[in-house]
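Observations on the three-dimensional arrangement
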Amino acid sequence: MLIEVIILNAFLVLVATIITCAYYFIIYIWTSVNEMEPEDAKYMRTERKPGSIDVHPNIDAIVLNYEIDVQILGPKENVIHGEKKSLKKIIELSMINSRTDCHALSKEVVNVCDLIHHSRLAEVEQIIYYLKKRKLHTGVKGASALGDGDKNVVDKVQNGIPEANYNNLSDYIDLLYEGMAEKIKGAHLIQFLARDPENLEALSKNETLISALGRVLREDWKRSIALSTHLVFTFFCFSMYSCFHEVILKCKVGSICMDIIDYELRRYDRWKADLEGSEAPSDIPIVRKPCPSSASMTDIPRSRIPEPVRPKSGNFSDANIKAAMDGSVYDDLTTSMECIDDQKLTKEQRVKRFRTLVRKQEHLLRVAYYLLLNISEDEAVEEKMSKRNIVGLLVKALERDNDDLLILVITFLKKLSIMQCNKDAMVSLNIADMLPRMLDSNSADLVHLALKLLYNLSFDTKIRYKIIKAGLLPKILSLLSDDRHQEVVLKILYHLSYEDDIKHHFVDSIGLITDMLLLNVGNESDKTMVALCINLATDSANTQHITKKNRLQSLMMRAFTYQDAMLMKMLHNISDNHATAPSFIEFVGDIAKAAVESKEEDFVRECIGILSNLHLPDLDWAEIFKHFDMIKWVKNILGTNNTDAELVLQVVVLLGTAACDEGCAKLLCETHILNLLIDLLKTYQEDDEIVLQIVYVFFVSLSHEANIDYIVTDTEAPAYLIDLLQDNNKSIRKICNTCLNIIADHNKTWADRIRIEKFRHHNAQWLQMVDSQQLGAEEEEEEDELPPYLNTEYLSTAVVPPLSDLNEPPESEIIADADLDYNYFDSNHGHEMIQDFEIEAI
């Protein structure tokens, strides 16, 4: 009975406790709800903030880190409650294979995933490229048995990869003081520890480890490729981060790597000579040691090193490094096996051994080159490398066939090529002759990098001619239709178009380039393509191909539609050709209207240049000037002091072309345009080009007899022409002399004055001497006897051309000379403008 009472009391206490807890729980909930004031919660805002983009360590996927921020807002958008949470989104790319187009796939990923902004397209493409390379190498794993050694030190090998334990680091260091086999094991285990970025800081602070690694590398790098590879790769892991570069520089690993590269490159020549049975190179000491039988060579694994492209986010995790080194296992390839001249081996066995040695050597070279590339971000270190002929070591490696090695080498050369001294070294080593093989490669990455290197080198004139001599131009042009290479190809072609001797090589391709220009409306490469066409249009053979198939009409239509000054400059150069100029007759009205009405000064200048090149007898310039009211337009330009000098020059040249028409020359006289030209002579008397073109206008106007009297009597042209006889410019003196001869033939008064001026100028020295000996009074009497315009003060300043200029050339020669001077200015000036078109170096 007592037990039942106790049980009943316990049950009642339990029930009471439960009721009490429930009561307080209800009170708590009610209080919380009241504090939140649900009636005030009007909105809920969710924000997603994208973070870093990384590579998934196990599967072919992109890991997108982002943060979600959920907020409950009140009526005044005040935050009532908020919560943040970090999430990850995995984008699986299981379809990646060797034929995957990384650029196209990255575009698709960015378009589908709204968390990735389009500005991060390059980062996504680089990660996809890394995934592609990782997938290609994960299936290739080496297998090798461990040699005899301390079983308590070396961990078990599973799937060909040893399991290194940081707690056993001191044991691994001890192995570096043992024999060669133990050194290889110890270096390999330390290498695996260094591949984990989390271990690098601790390893870098272990002075015993660093000094031991540096000592073994310095003393034993020649003894084994495997040992050198493991040690260099360990330092390479440090080189991936700038903060650890001091460790590398302290041990002088960069200098040792250059020695290793130099030795291995020369040893490759010896191996090749041994295989071919030729004499070994004399620049490397040959140490022949007996080689073991080829049976042991079958177990030598195939190793890999990291790819030269890694995720931009800097996530070089253990999984990433492991993927880069998949298949690397212990290598028992020592000095005794690093030769192929064993007479017991058959030809096939020697070839097989040679390939194995080359594969191992290229593995070491890639690690060493990559380490040097990483530490060369310091300009002082890069300068030291240049002094030690790093360029020569890189160019020598271009003879190899390993695409991965070549990609790394060309990347390094591209970086170095921006310095003048390195570029000159590449030129001296005839690097242009080695690049055609790269452009024929099946690797799109290698081709693209080779083009970028070629672009950096093409700033040098010598290289441009070597590119043509090496037959690279057809290969470059064949890549023009590839969207991935198009931009850099256009820049290379643009540099080649600088040289007049090279332009005719584009005859077969100028039509294709023009068609691409017409299709690429608004593209970024459009300006480079137009600049290329502008330079190529200065060649007469190219211009004839451009105007075929109604391309001229299409170019005109596009130029007027977009008011494109650069495209109009291209047309300007096309018009400066006697064969193509007649094709512009149908567009004269449109061009004249655009010149008068357009507000774009550069566009107007090119329109005027096209009209100036149309020296066609069929054109009625007087009617053109009247119909488009060009007289008023010309006066406005010539009469404004703020007008650009280049625009003034183009208008004066246009007047010289139009004045060839007698009706237009008369119109210029009647509208007093020639008086404006006299005023321009005063303003631009120091500008020889403008002065020459103004004098040419007077010459053309004087060639029509109806205008001579007006020019002589109503303008000051004769006096200024006499004054210009003493100009330093030979062309100006020549054409002024011809103009004065025309005036002298039609006006006797000016004929006597011109004759005296020429005489006084020709005999200026003698007259000055005689004049200085005369008495002052007698000089004054003689001066009074002369006409006012022949007084001593005037004649002492007159200039008569030399005897060679007194032999008057035919008028046709003068006209030809004037035209030649103008054409020289026009083409040269246009070319200079395009030379100023800046393209940034890669």
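About the thresholds
Residues numbered from 1 in each chain as written. Predicted model: local features only at pLDDT ≥ 70, side-chain atom pairs only at ≥ 80, totals over all residues. Heavy atoms only, no water. Helix = DSSP H or I, 4+ residues; strand = E, 2+ residues; numbered from the N terminus. Buried < 20%, exposed > 50% of the residue type's maximum accessible area, 1.4 Å probe, protein only. Contact = heavy atoms within 4.5 Å. Axes fitted to C-alpha atoms, helices over the stretch in contact; angles between N-to-C directions. Parallel < 35°, antiparallel > 145°, perpendicular 65-115°, else oblique. Left-handed = near helix turned anticlockwise from the far one by under 90°. Nonpolar A, V, L, I, M, F, W, Y, C, P; charged D, E, K, R; others polar. Salt bridge = Lys/Arg side-chain N within 4 Å of Asp/Glu carboxyl O. Expected span 1.5 Å × (residues − 1). pLDDT = per-residue confidence, 0-100. Phe/Tyr/Trp six-rings, centres within 6.5 Å; stacked < 30°, edge-to-face > 60°. Lys NZ or Arg CZ within 6 Å of the ring centre and 35° of its normal. Polar contact = N/O pair within 3.5 Å; in protein donor to acceptor, adjacent residues only side chain to side chain.

What follows concerns the overall build of the chain. When you go through the chain residue by residue, the secondary structure sums to 44 helices and 5 strands. Taking all 842 residues of the chain together, the buried fraction comes to 51%. Intrachain contacts of the chain at a sequence separation of at least 6 include 72% that bridge at least 24 residues.

In contact at an axis separation of 9 Å, helix H8 (residues 225-239) and helix H12 (residues 347-375) are set at 25° when each is read in the N-to-C sense. Compared by their axis directions, H8 and H12 come out roughly parallel. The element H8 and its partner H12 pack so that their crossing is left-handed. Contacts between H8 and H12 involve Ile-225, Ser-228, Thr-229, Val-232, Phe-233, Phe-235, Phe-236 and Ser-239 from the former and Lys-360, His-363, Leu-364, Val-367, Ala-368, Tyr-370, Leu-371, Asn-374 and Ile-375 from the latter. Along the lines of polarity and charge, the residues of the contact of H8 with H12 split into 11 nonpolar, 5 polar and 1 charged.

Pairing between side chains of opposite charge can happen when their charged atoms approach one another. Across all of its chains, the model carries 30 salt bridges by this definition. A salt bridge links Lys-133 to Asp-404; its shortest N-O distance comes to 3.9 Å. Linking Lys-133 in helix H3 (residues 121-138) with Asp-404 in helix H15 (residues 403-416), this pair joins segments that are 271 residues apart in sequence. The pair Lys-133 / Asp-404 is uniform in exposure class, with both members buried. For Glu-399, the salt bridge identified is with Lys-396, shortest N-O distance 3.6 Å. Assessed through its relative accessible area of 41%, Glu-399 is described here as partly exposed. One network of salt bridges, with partners in common, ties together Glu-601, Asp-602, Arg-605, Asp-644 and Glu-646.

Another aspect to go through is the environment of Glu-689. Mapping Glu-689 onto the fold places it in helix H35 (residues 688-702). A residue is classified by how much of its surface remains accessible, and Glu-689, at 21% relative accessible area, is partly exposed. Taking the C-alpha atoms as reference, Glu-689 lies 9.2 Å from Ile-732; in sequence the two are 43 residues apart.

This next bit is on helix H26 (residues 551-562). Compared with the 16 Å implied by 1.5 Å per residue over 12 residues, the 17 Å span of H26 between its first and last C-alpha is a close match. Within the sequence span of H26, burial applies to Arg-551, Leu-552, Leu-555, Met-556, Arg-558 and Ala-559. Residues of H26 that are buried sit in contact with helix H23 (510-519), helix H24 (526-536), helix H25 (540-546), helix H27 (565-575), helix H28 (588-597) and helix H29 (601-612). Phi for Gln-563, located one or two positions after H26, is positive at around 50°.

Positive phi values are uncommon outside glycine, yet Gln-563 reaches one of about 50°. Here Gln-563 lies in the loop between H26 and H27. Taking relative accessible area as the criterion, Gln-563 reaches 32% and is therefore assigned partly exposed. Phi at Asp-629 is positive, roughly 55°, even though this residue is not glycine. With respect to the helices, strands and loops of the structure, Asp-629 is situated in the loop between helix H30 (621-627) and helix H31 (630-638).

Moving on to the confidence of the model for the chain. Note that predicted coordinates carrying low pLDDT should not be read in detail. Residue-level pLDDT values for the chain average 78, and 73% of them are 70 or greater. Of all secondary-structure elements in the chain, the lowest mean pLDDT belongs to strand S4 (residues 157-158), at 34, while H15 reaches the highest, 95. Every residue in residues 139-161 scores below 50 in pLDDT, and together they form 46 contacts with partners more than four places removed in sequence or on other chains. Overall, residues 283-337 carries pLDDT values under 50, and its contacts beyond four positions in sequence, including any with other chains, amount to 177 contacts.

Here Ser-575 lies in helix H27. Here the alpha-carbon distance between Ser-575 and Thr-543, two residues 32 residues apart in the chain, equals 8.6 Å. Not counting residues within four places of it along the chain, the set of residues in contact with Ser-575 comprises Thr-580, Ala-581, Phe-584, Ile-610 and Asn-613.

Before going further, it helps to spend a moment on the packing of H24 against H27. Across the interface, H24 lies against H27 with an axial gap of 9 Å and an inter-helix angle of 15°. Between H24 and H27, the interaxial angle falls into the category roughly parallel. You can see that H24 and H27 cross each other, and the crossing is left-handed. Along the contact surface, H24 presents Lys-527, Val-530, Ala-531, Cys-533 and Ile-534, while H27 presents Met-566, Leu-567, Lys-569, Met-570 and Asn-573. When its residues are assigned to classes, the contact of H24 with H27 shows 7 nonpolar, 1 polar and 2 charged.

One pass over the structure, following the stated rule, counts 11 aromatic pairs. Taking the centre distance of 6.3 Å and the plane angle of 85° together, the rings of Tyr-241 and Phe-244 count as edge-to-face. With relative accessibility at 23%, the residue Tyr-241 sits in the partly exposed group. In this structure Phe-244 comes out as buried when scored by relative accessible area, which is 12%. Ring pairing ties together the aromatic residues Phe-233, Phe-236 and Tyr-370, which thus form one cluster. A cation over a ring is seen here: Arg-400 above Tyr-268, with NZ or CZ 3.8 Å from the ring centre. The aromatic ring of Tyr-455 is capped on one face by Lys-491, whose charged end is 5.7 Å from the ring centroid.

A separate point is the side chain of Asp-445. Looking at the element boundaries, Asp-445 is found in helix H18 (residues 444-457). The class of Asp-445 is buried, set by a relative accessible area of 18%. Of the polar contacts made by the side chain of Asp-445, one reaches the side chain of Tyr-129; its length is 3.3 Å. The contacts of Asp-445, once residues within four sequence positions are left out, are Tyr-129, Ile-407 and Arg-484.

With that settled, consider the environment of Ile-743. Along the polypeptide, Ile-743 turns up in helix H38 (residues 730-746). You can call Ile-743 buried: its relative accessible area is 0%. Between the C-alpha atoms of Ile-743 and Leu-702, which are 41 residues apart in sequence, the distance is 7.9 Å. Not counting chain neighbours up to four residues away, the residues in contact with Ile-743 comprise Leu-702, Val-712, Pro-718, Leu-721, Trp-750 and Ile-754.

To continue, consider H8. For H8, which comprises 15 residues, the first-to-last C-alpha distance of 20 Å matches the rise-based estimate of 21 Å (1.5 Å per residue) to within 8%. Counting buried residues in H8 gives 15 out of 15 residues, a clear majority hidden from the surface. Sitting at the amino-terminal end of H8 is Ser-224, which places a side-chain oxygen 3.2 Å from the backbone nitrogen of Ala-226.

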